[in-house]
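A closer look at the structure
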Amino acid sequence: EVQLLESGGGLVQPGGSLRLSCAGSGFVSSSYAMSWVRQAPGKGLEWVSGISANGGATYYADSVKGRFTISRDNSKSTLFLQMNSLRAEDTAVYYCVKGQRSTMVRGASFDDWGQGTLVTVSS
Amino acid sequence: DIEMTQSPSSLSASVGDRVTITCRASQSISNYLNWYQQKPGKVPKFLISAASTLQSGVPSRFSGSGSGTDFTLIISSLQPEDFATYYCQQSYSNPITFGGGTKVEIK
């Protein structure tokens with residue numbers, strides 16, 4: 001059974017930084033692309049960032065490009081999201097999601113989701 | 001970026017009703033379209049890939065169709081457990097984008 005466990009969320013002031021982690025189990029980490037998807041309170045889903053299975057390719061939503069960095073450590077089956085220059089509009093539950101394929105190019109779909117970690121950006 | 005527009009944004013239906021949700025892409029995405037279901041307080045569930053391929057364990061009353069820019073999710077006979085919000089997602093190009101969601105409520 002695939003399990004994805006996020007951590008690192010919390011309350012941070014505007015302009016601050018946070019680092020999210022996602023520990024995966026039940027699958028071979030190095031075989032699947034991974035992404036972060038967020039959901040602001042009462043709002044819809046927004047894809048934030050994705051990374052290929054080997055970490056060689058990364059992708060970002062326009063809203064976070066230049067501020068967030070995705071990375072992974074396949075030896076520890078862990079996905080990361082470094083979030084800098086945080087804004088109030090970044091407040092959301094951040095989900096770690098597993099892709100069905102090794103790449104993010106064409107056909108990226110998300111078959112397993114973590115329970116999410118809440119990030120609140122407020123002074 | 002490819003914009004995904006869902007309609008309606010919400011609908012009320014009764015158990016046993018046939019429900020149709022539409023998703024339109026701002027440009028052609030071939031069949032690179034996925035559907036998800038999210039129940040209140042729960043994590044999204046992957047329903048359909050490649051516009052029409054039902055994921056394992058998804059009831060056959062769910063079906064998807066479409067290609068190019070227009071796509072449809074149909075629930076042939078709505079069940080109590082189907083009341084949820086449904087999202088489409090394009091996987092044709094990055095950045096990946098989701099539709100705004102369609103909330104299916106009890107009439």
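Above this text is the structure in question.
For every chain, the first residue of the written sequence is number 1, and numbering continues from 1 along that sequence. All chains are assigned letters beginning with A, and all ligands numbers beginning with 1, in the order in which they are written. In keeping with the predicted nature of the model, local features appear solely for residues at pLDDT of at least 70, side-chain atom pairs appear and are counted solely at 80 or more, and the whole-chain, interface and lining totals rest on all residues. Computation of side-chain values covers all heavy atoms of the structure but excludes hydrogens and water.

Side note on the layout of surface pockets
Of the two site types, the cavity is a set of points on a 1 Å grid over the protein atoms alone where a 1.4 Å probe fits but cannot get out, and the pocket is an open set with protein on both sides within 12 Å along at least five of seven lines, each lined by residues with an atom within 4 Å of a point. Grid points are joined across faces, edges and corners, and a volume is the space filled by probe spheres set on the points. As a volume, the largest pocket reaches approximately 430 Å³. Forming the walls of the largest pocket are 24 residues, and the residues nearest its centre are Q39 of chain A together with Q38, K39, P40 and G41 of chain B. Of all elements in the fold, only β9 (92-99) of chain A together with β9 (85-90) and β11 (102-106) of chain B reach the threshold of two or more residues within the lining of the largest pocket. A run of H or I in DSSP becomes a helix once it reaches four residues, and a run of E becomes a strand once it reaches two; helices and strands are each numbered from the N terminus. Ranked by residues supplied to the lining of the largest pocket, first place goes to β11 of chain B with three residues.

Observations concerning the interface of chain B and chain A
Reports of interface size often rely on the accessible area that becomes lost once the parts have come together. Taken together, the contacts link 20 residues of chain B with 23 residues of chain A. Contact between chain B and chain A buries roughly 1700 Å² in total, counting both sides, with carbon and sulfur atoms accounting for 58%. Summed over both partners, the accessible area (1.4 Å probe) lost when two parts come together is defined as the buried area. Looking only at chain B, the three residues that lose the most surface to chain A are V43, I96 and F98 of chain B, adding up to 30% of its buried area. What counts as a salt bridge is simple: a side-chain nitrogen of Lys or Arg found within 4 Å of a carboxyl oxygen of Asp or Glu. Seen at the junction of chain B and chain A, the total is zero salt bridges. Here a polar contact is recorded for every N or O atom pair within 3.5 Å, except that within protein the pair must consist of a potential hydrogen donor and a potential acceptor, and residues adjacent in sequence are included only if both atoms are side-chain atoms. The interface formed by chain B and chain A includes nine residue pairs in polar contact (both at pLDDT 80 or more). Counting residues per element, the ones that place at least two in the side of chain B that touches chain A are β4 (33-38), β5 (45-49) and β9 of chain B. Here the element with the most residues in the side of chain B that touches chain A is β4 of chain B; it accounts for three residues. Nonpolar residues are Ala, Val, Leu, Ile, Met, Phe, Trp, Tyr, Cys and Pro. Charged residues are Asp, Glu, Lys and Arg, and all others, Gly as well, are polar. When grouped by side-chain class, the residues that make up the side of chain B that touches chain A number ten nonpolar, eight polar and two charged. Contacts were defined at the residue level, with two residues in contact if any of their heavy atoms lie within 4.5 Å.

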